[in-house]
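Residue strings, one per chain:
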Amino acid sequence: MKQVRTKIAGMGYYVPENVVTNDDLAKVMDTNDEWIQERTGIKERRYVTRMKETAATMGVEASKKAMEKAGVTAEDIDFVIFATLSPDYFFPGCGVLVQRELGLDKVGALDIRNQCSGFIYGLSVADQFIKTGMYKNILLIGGEAHSSGLDFSTRGRNVTVIFGDGAGAVVLQPTEEDGKGVLTTHLHSDGRYAEKLAFINPGSHGGAHTGNTEYYDEDVYGELMMTQKIMDAGDRYPNMEGPFVFKNAVRRFPEVINEALSATGHSVEDIDMLIPHQANLRISQFVQSIMGLPDDKVFNNIQKYGNTTAASIPIALCEAYDAGKVKDGDLVCLAAFGSGFTWASALIRW
Ligand code: UT7
C-alpha cells in the first residue's frame, strides 16, 4: 500500500498596502534607520489599515489565493487552522471568522497559539489529520495584525520596530506521490521562559506567575484582565528580553533542523531551501553559518515585511516559490523559534 503524506496544494499571501519605513518610525520614537537595519536587517514593514484590516481579514484574502492555486472551492475545505498571536477578538478565535467569511460549511475551526512556531505547529496538526484520512482539504493560515497592539513610544522601541502585519495561507491535501509531501515535523517548548517574550496584559493571571500583584486590588472580582493601574502604568504591550531570546533562537534553530534531518536520514547538504521564520536577519544569518548553508539555499524577506510571526513562513514560502526558488522534487526545510519558548521544524519533499 502506498504511503499517504500531506502536500501543499496551493499557497497565497496578503500584506497590507500601507508601507511603514524605519524613517517613519523614527518620527514617533527615538530610533533610526541605521540601528534597525544593522541589528535586524529590516528596511520596512506593512501595517493594516485600522478598523478595516485584521488578522482574520488578511487571512481570508490569503486563503482565497491559496484555494484558487489549489483549485478548490469553499465546499471542498473540510477543516480550518488559524495561527496568530494578534487575533481579532480575545475569543472566539480567527478560525471561525474565516469560516464565516469564506462561507465554509460548518467545518471545524482550530486556533493555534504558538506565536512564531504557530505555522509549523499547525502544519504538524494538519499532517496528522490528513495522514489518518480524517480530512482531505485543510486550510492552514498564519496571520498577524501586530501594529494594533504595539508601544509606539520610545519605551517599546526594541519590540515595535521588529514587527509587521500580514498573512499567509496554504491548502493541504493528501498525496500518494512517491516520496513527496511532508516528511516529518518536530515540535518543542520550554515554558520556563514564557515571560521573556510575552504579551501579558490583558490576561487573567493577576500576577500569579510573576508575583507582581501591584496592579490588582484584592477584593475586586472581574477586574483582573485590564485594571486602571495597568492602564496608568502603560504596561499593556508585548515585552521582550531581546538578547536572551536571540541567544536561545540561534541555538534552537540548528538543533531542530538537525533533528528533522536525522529523523529522515538526510544531511544538511540535502536541503534545497531553508525557510526560517523571519525573526531577525541576523538570526537567519547566524543559523545559515552554523548549518553551513550557501546563500542561495536560505530565503529571507524580513527586509520588506519585518517579523510577521505566524505569517512569516507561509509568506516567505510563497515568495520563494513564486521566484522559482522552490521547485518540484526539492527538499524544503521550515524552522521557527519564538515566544513560549516554542520551536519547530518540518521537512517537505516538494
Ligand atoms: O520572532 C520571535 C523571536 N524574536 C526574536 O528572535 C528577537 C530576538 N532578539 C533580537 O532580534 C534583538 O535582541 C533585538 C533586535 C530585539 C535587539 O537588538 P540587540 O542588539 O539585542 O539590542 P539590545 O536589546 O541589547 O539593545 C542595545 C541598545 C540599548 O541601548 P543601551 O542600553 O546600549 O544604551 C537599547 O536601548 O539599543 C537600544 N535600542 C534601540 N536603539 C534604537 C533598542 N531598541 C532600539 C531601537 N532603536 N529600536
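Residues numbered from 1 in each chain as written. Predicted model: local features only at pLDDT ≥ 70, side-chain atom pairs only at ≥ 80, totals over all residues. Heavy atoms only, no water.

(A) Spatial organisation of the domain arrangement of the protein chain. The domain boundaries assigned to the protein chain delineate domain 1 (5-175) and domain 2 (181-193 + 240-349). Between domain 1 and domain 2, the residue contacts involve 47 residues of the former and 44 residues of the latter. Both sides together, the interface formed by domain 1 and domain 2 hides about 3,500 Å², and carbon and sulfur atoms give 66% of it. When the buried surface of domain 1 facing domain 2 is broken down by residue, Tyr13, Cys116 and Ile120 rank first, second and third, together holding 19% of it. Here domain 1 is connected to domain 2 by zero salt bridges. (Domains from an automatic or database assignment. Contact = heavy atoms within 4.5 Å. Buried area = accessible area lost by both parts, 1.4 Å probe. Salt bridge = Lys/Arg side-chain N within 4 Å of Asp/Glu carboxyl O.)

(B) Region of the structure containing the sheet that holds strand 11 (residues 273-276). Read from one edge of the open sheet, four strands run 8-13-12-11, paired in mixed fashion. Looking at strand neighbours, the two that pair on one side only are strand 8 (181-189) and strand 11, the edges of this open sheet. Within the sheet, the average angular offset between the axes of one strand and its neighbour, ignoring direction, is 10°. Here strand 12 (residues 331-338) pairs with strand 13 (residues 342-349) via eight bridges, running antiparallel. The residue bridging Leu334 from the neighbouring strand is Ala346, located in strand 13. (Pairing = 2+ DSSP bridges. Helix = DSSP H or I, 4+ residues; strand = E, 2+ residues; numbered from the N terminus. Axes fitted to C-alpha atoms, helices over the stretch in contact; angles between N-to-C directions.)

(C) Looking closely at the packing of aromatic side chains. Tallying each qualifying case throughout the model produces twelve aromatic pairs. An aromatic cluster of three or more residues is present, and its members are Tyr193, Phe244, Phe337, Phe341 and Trp343. Positioned over the ring face of Phe244 is Lys196, at 4.7 Å from the centre of the ring. (Phe/Tyr/Trp six-rings, centres within 6.5 Å; stacked < 30°, edge-to-face > 60°. Lys NZ or Arg CZ within 6 Å of the ring centre and 35° of its normal.)

(D) Main features of the sheet that holds strand 7 (residues 166-175). Pairing in this open sheet of five strands is mixed, and the strands run 1-7-6-4-5 from one edge to the other. Here the strands that pair on one side only, and so sit at the sheet edges, are strand 1 (5-14) and strand 5 (108-112). Neighbour-to-neighbour, the strand axes of the sheet open up by a mean angle of 20°, direction not taken into account. Both strand 1 and strand 7 contribute to a ladder of nine bridges, which runs antiparallel. Looking at strand 7, one finds that Arg5 is bridged to Thr175. Where helix 5 (residues 118-131) meets the sheet, its contacts fall on strand 1, strand 4 (79-83), strand 5, strand 6 (138-144) and strand 7, and the angle it forms with strand 6 comes to roughly 170°.

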